[in-house]
Amino acid sequence: MKKIVAITFLILAFARVWAQDTVQPAATPEEPTIDYTERTFWGPRIANLQSIETNKAGYLGFRVGHRAGRLSTGANNFFGLDEATFRLNFDLGITDWLMMGVGRSTIQKYYDGYIKGRILRQSTGKRNMPLSITGFAGMGINSLKWDSDYPQKYFTSRLAYTFQLIIARKFTNWFSAELVPTLVHRNLVPLAKDKNDVYAVGAGLQFKVTPRFGLNLEYNYLLPNQIYSQIGGQTVQNSGSIGLDIYTGKHVFQIFVTNSTGMTEKQFITETTESWLKKGIRIGFNIERTFKLWEKD
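Since the structure is predicted, the reported quantities are computational estimates derived from the model, not experimental observations.

Engineer: Please explain empty space enclosed by the protein as it appears in this structure.
Structural biologist: Here the idea is plain: a probe the size of a water molecule rolls over the atoms and shows the empty space left. Following the criterion strictly, the structure yields 4 cavities of 30 Å³ or more and no others. As a volume, the largest cavity reaches approximately 90 Å³. What lines the largest cavity is a set of 14 residues, and nearest its centre among them are Asp112, Gly138, Met139, Thr162 and Glu265. Where the lining of the largest cavity is concerned, the elements lending two or more residues are strand E5 (110-120), strand E7 (132-141), strand E8 (159-172) and helix H2 (265-270). The residue inventory of the lining of the largest cavity, partitioned by class, reads 6 nonpolar, 5 polar and 3 charged. Every residue lining the second largest cavity is listed: Arg45, Ala47, Asn48, Arg63, Gly65, Arg67, Arg87, Asn89, Met263 and Asn286. The set of elements that each furnish at least two residues to the lining of the second largest cavity consists of strand E2 (59-70) and strand E3 (85-93).

Engineer: Even after reading the chapter, I still don't get the confidence of the model for the chain, so can you show me in this structure?
Structural biologist: Residues at a pLDDT of 70 or more form 89% of the chain, whose mean pLDDT is 89. In this model, residues 1-25 is a region of pLDDT below 50 whose contacts with residues beyond four sequence positions or in other chains number 1 contact.

Engineer: Looking at this structure, I do not really get the sheet that holds E2. What am I missing?
Structural biologist: By definition, the strands of a sheet pair up through backbone hydrogen bonds, in either a parallel or an antiparallel sense. If you walk around this closed barrel you meet the 12 strands as E2-E3-E4-E5-E7-E8-E9-E10-E11-E12-E13-E14, and the pairing is antiparallel. Across the sheet, the mean angle from the axis of one strand to that of its neighbour is 20 degrees, orientation sign disregarded. Pairing of strand E13 (residues 251-258) with strand E14 (residues 282-292), which is carried by 8 bridges, proceeds in the antiparallel orientation. By the bridge assignment, Phe253 is partnered in E14 with Ile287.

Engineer: Would you explain a nonpolar patch on the surface in this entry?
Structural biologist: Together, Val209, Phe213, Leu244, Ile246, Phe253, Ile255 and Ile287 make up a nonpolar patch on the protein surface, roughly 550 Å² of accessible area in all. At the level of elements, strand E12 (239-247) and E13 are the ones that each hand at least two residues to the nonpolar patch.

Engineer: I would appreciate a short explanation of the pattern of salt bridges in the present structure.
Structural biologist: Oppositely charged side chains are able to pair whenever their charged atoms sit close together. Counted under the stated rule, the structure contains 10 salt bridges. Across the salt bridge formed by Arg121 and Glu38, the nearest N and O atoms sit 3.3 Å from each other. Separated by 83 residues along the polypeptide, Arg121 in the loop between E5 and strand E6 (123-125) and Glu38 in the loop between strand E1 (34-36) and E2 bring together distant segments of the chain. Between Lys266 and Glu271 there is a salt bridge; the shortest N-O distance is 2.7 Å. Overlapping salt bridges bring together Arg63, Asp91 and Glu288 as one network.

Engineer: Could you clarify how one ought to interpret the layout of surface pockets in this entry?
Structural biologist: Volume-wise, the largest pocket comes out at about 800 Å³. Put simply, the parts of the chain that give the lining of the largest pocket at least two residues each are E8 and H2. With 3 residues, H2 is the single largest residue contributor to the lining of the largest pocket. The volume enclosed by the second largest pocket comes to roughly 530 Å³. Lining the second largest pocket are 26 residues, with Arg39, Thr54, Asn55, Lys56 and Thr290 sitting closest to its centre. Here the lining of the second largest pocket takes 5 residues from E14, the largest share from any one element.

Engineer: Any chance you could explain unusual backbone geometry here in plain terms?
Structural biologist: Among all residues except glycine, the phi angle is most often negative; among peptide bonds, the trans geometry is most common. The phi dihedral of Arg39 is positive, around 55 degrees, even though this residue is not glycine. Residue position: Arg39 is located in the loop between E1 and E2. Take Arg39: its relative accessible area is 35%, and that puts it in the partly exposed class. At Asn225, a position not held by glycine, the phi torsion is positive, near 60 degrees. In this structure Asn225 comes out as exposed when scored by relative accessible area, which is 58%.

Criteria and cut-off values
Residues numbered from 1 in each chain as written. Predicted model: local features only at pLDDT ≥ 70, side-chain atom pairs only at ≥ 80, totals over all residues. Heavy atoms only, no water. 1 Å grid on protein atoms, 1.4 Å probe; cavity = no way out; pocket = protein on both sides within 12 Å on 5 of 7 lines; lining within 4 Å. Points joined across faces, edges and corners; volume = space filled by probe spheres on them. Helix = DSSP H or I, 4+ residues; strand = E, 2+ residues; numbered from the N terminus. Nonpolar A, V, L, I, M, F, W, Y, C, P; charged D, E, K, R; others polar. pLDDT = per-residue confidence, 0-100. Contact = heavy atoms within 4.5 Å. Pairing = 2+ DSSP bridges. Axes fitted to C-alpha atoms, helices over the stretch in contact; angles between N-to-C directions. Patch = residues over 30% accessible without salt bridge, like charges linked within 9 Å, V, L, I, M, F, W, Y side chains within 5 Å. Areas by Shrake-Rupley, 256 points an atom, 1.4 Å probe, with all protein chains shown as cover. Salt bridge = Lys/Arg side-chain N within 4 Å of Asp/Glu carboxyl O. Buried < 20%, exposed > 50% of the residue type's maximum accessible area, 1.4 Å probe, protein only.

Quick look at the structure:
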């Protein structure tokens, strides 16, 4: 009897072990995830030029832009700081891939609105995407009083439009670059031979020296034979800036030197008249503060 019980116990134990080995599925490797690149640049703008970045859903960015007069005006003009032009604007993240913004500049009393949406995001893992691409579309209006020289004064004549494709890559944690093909359409131009559609190519670089401190460069090349008229007796020049970023998490402080006074695409791409080679540079800064308005679902 004892032998039967012992044999039965051994059979049951063996059956249990065998069942565990055969019924339990073999372990499968974990499903790979998509790791999106973050903080290619620290803010939505490099200096004047749009960056690849957009605000996340529910985040509102408030930016103050300031451009002084020419540095070459000297100490009597406090190296241009006695003069000032300003721009205020708000950027709201509607979703993690779509941002909308509005702004107002003292130059030309210019009002503008725009949308900025991510098309592709640089990523690794399950989806390997080497580049980020963002689209930008904006419209603005010059609200200064009409010059009496214009015989016909149409509302639509004051409008201008901008379309950009922003192509960027974060090469390392310390270096990012972007290329920005741009079209600016002006409904009204001073001379018949001036082009309504103006094409330019922008480029921007950021070198992150520390996790909170970086060096920025940008340049906007205006394709030739598009703008023949002068502004204030001066020909239009390519816009360029070089400066520093200080990133605190909720704030981005930017200070730089630039040859542009205007801060919207239509202004700094098609209306910059100062030249770096002729000491036409000025101090500029941007201050951006981000607020969280709602939680993402």
